[in-house]
Amino acid sequence: MNIMWMKTRATKKMTLGKKRGKTKSTNWTKVEEEALAKAWVHCSTNKKKGNQQNRESFWRKILEHFNKTVGGSNRTVHQVRSKWNPMMTKINFFDGLYQQADRIRGSGCKDLDVMKVALKEYKDKFPNGFQHVEAWEVVRRHEKWAQIPLLGEEGEGSAHKRKPIDVDPSIPDINEDPSPQRP
């Protein structure tokens, strides 16, 4: 009877261990990373829900959209969120390098040349290089990653040409100290 109890207890432990154990992780493919980026953009730009969705429902929707895009997967909400967060950090950093290289591009410099500069600068900082180009290509047009014109720059087209700014002399300079100067 004691042996039977031990067998039952061991079986329960094994069953519990399987439930609580990690699911076997599989490496993310470039196609899956791109699908994840598309799902994130789709769900984060949802005009109906906006910012009125909680974290769990937001990531469940991302997983649903991801599964539709890749034709189904065994990925969990946790896996999707855990993949996206560090990937987004890398995408943000790379996008900054790309925008910086784009701002200083020379005359006749093509987008491919800008990309090469940004990839080289990323590799200089991180020896493994930038591994998420496909996902970056998806999100780079999203407003979060849109290039913000610097002071004196305009939008697309003539963004890199500096134009003089007419200043109304009646508007006070906010950088000047309005207090009277002491002799």
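Details of the structure are given in the entry above.
Analysis parameters
Residues numbered from 1 in each chain as written. Predicted model: local features only at pLDDT ≥ 70, side-chain atom pairs only at ≥ 80, totals over all residues. Heavy atoms only, no water. Salt bridge = Lys/Arg side-chain N within 4 Å of Asp/Glu carboxyl O. Helix = DSSP H or I, 4+ residues; strand = E, 2+ residues; numbered from the N terminus. Buried < 20%, exposed > 50% of the residue type's maximum accessible area, 1.4 Å probe, protein only. Core = buried A, V, L, I, M, F, W, Y, C linked by side-chain atoms within 4.5 Å. Contact = heavy atoms within 4.5 Å. Phe/Tyr/Trp six-rings, centres within 6.5 Å; stacked < 30°, edge-to-face > 60°. Expected span 1.5 Å × (residues − 1).

A closer look at the pattern of salt bridges
A complete count under the given rule lists 8 salt bridges for this structure. Where Arg75 meets Glu32, a salt bridge forms, and the shortest distance between an N and an O atom there is 3.0 Å. Residue Arg75 is found in the loop between helix H3 (55-70) and helix H4 (77-103), and its partner Glu32 is found in helix H2 (residues 30-44); the two are separated by 43 residues along the sequence. Residue Glu32 is classed as buried on the basis of its relative accessible area of 15%. Between Asp124 and Lys120 there is a salt bridge; the shortest N-O distance is 3.0 Å. In this pair, Asp124 and Lys120 are both assigned in helix H5 (residues 111-125), 4 residues apart and thus about one turn of the helix distant. Accessibility expressed as a relative area gives 52% for Lys120, which makes it exposed. Each of Asp102, Arg105 and Asp111 takes part in salt bridges that share partners, so that together they form one network.

Some words on the nonpolar core
Across soluble globular proteins, you tend to see nonpolar side chains buried next to one another. Counting 31 residues, the largest nonpolar core has Leu36, Trp40, Trp59, Ile62, Trp84 and Phe94 as the members making the most contacts within it. Here the element with the most residues in this core is H4; it accounts for 10 residues. When near neighbours in sequence (up to four residues on either side) are disregarded, Trp59 contacts Trp40, Val77, Val80, Arg81, Trp84 and Asn85.

Considerations on the packing of aromatic side chains
Throughout the structure, instances matching the rule amount to 11 aromatic pairs. With centroids separated by 5.5 Å and ring planes inclined at 80 degrees, the aromatic side chains of Phe58 and Trp59 adopt a geometry described as edge-to-face. Among the residues examined, Phe58 registers a relative accessible area of 15% and is labelled buried. You can call Trp59 buried: its relative accessible area is 7%. Note on Phe93 and Phe126: the rings are 5.4 Å apart at their centroids and 85 degrees apart in plane angle, and the pair reads as edge-to-face. Here Phe93, found in helix H4, pairs with Phe126, found in the loop between H5 and helix H6 (133-139); they are 33 residues apart in sequence, far enough to count as distant. According to the relative accessible area criterion, Phe126 is partly exposed, its value standing at 39%.

A few points about H2
For H2, with 15 residues, the first-to-last C-alpha span of 21 Å sits near the 21 Å given by 1.5 Å per residue. Buried positions along H2 lie against H3, H4 and H6.

Examining the environment of Ala101
Residue position: Ala101 is located in helix H4. Judged by relative accessible area, Ala101 falls into the buried class, the value being 6%. Setting aside its immediate chain neighbours within four residues, Ala101 contacts Val114 and Val117.

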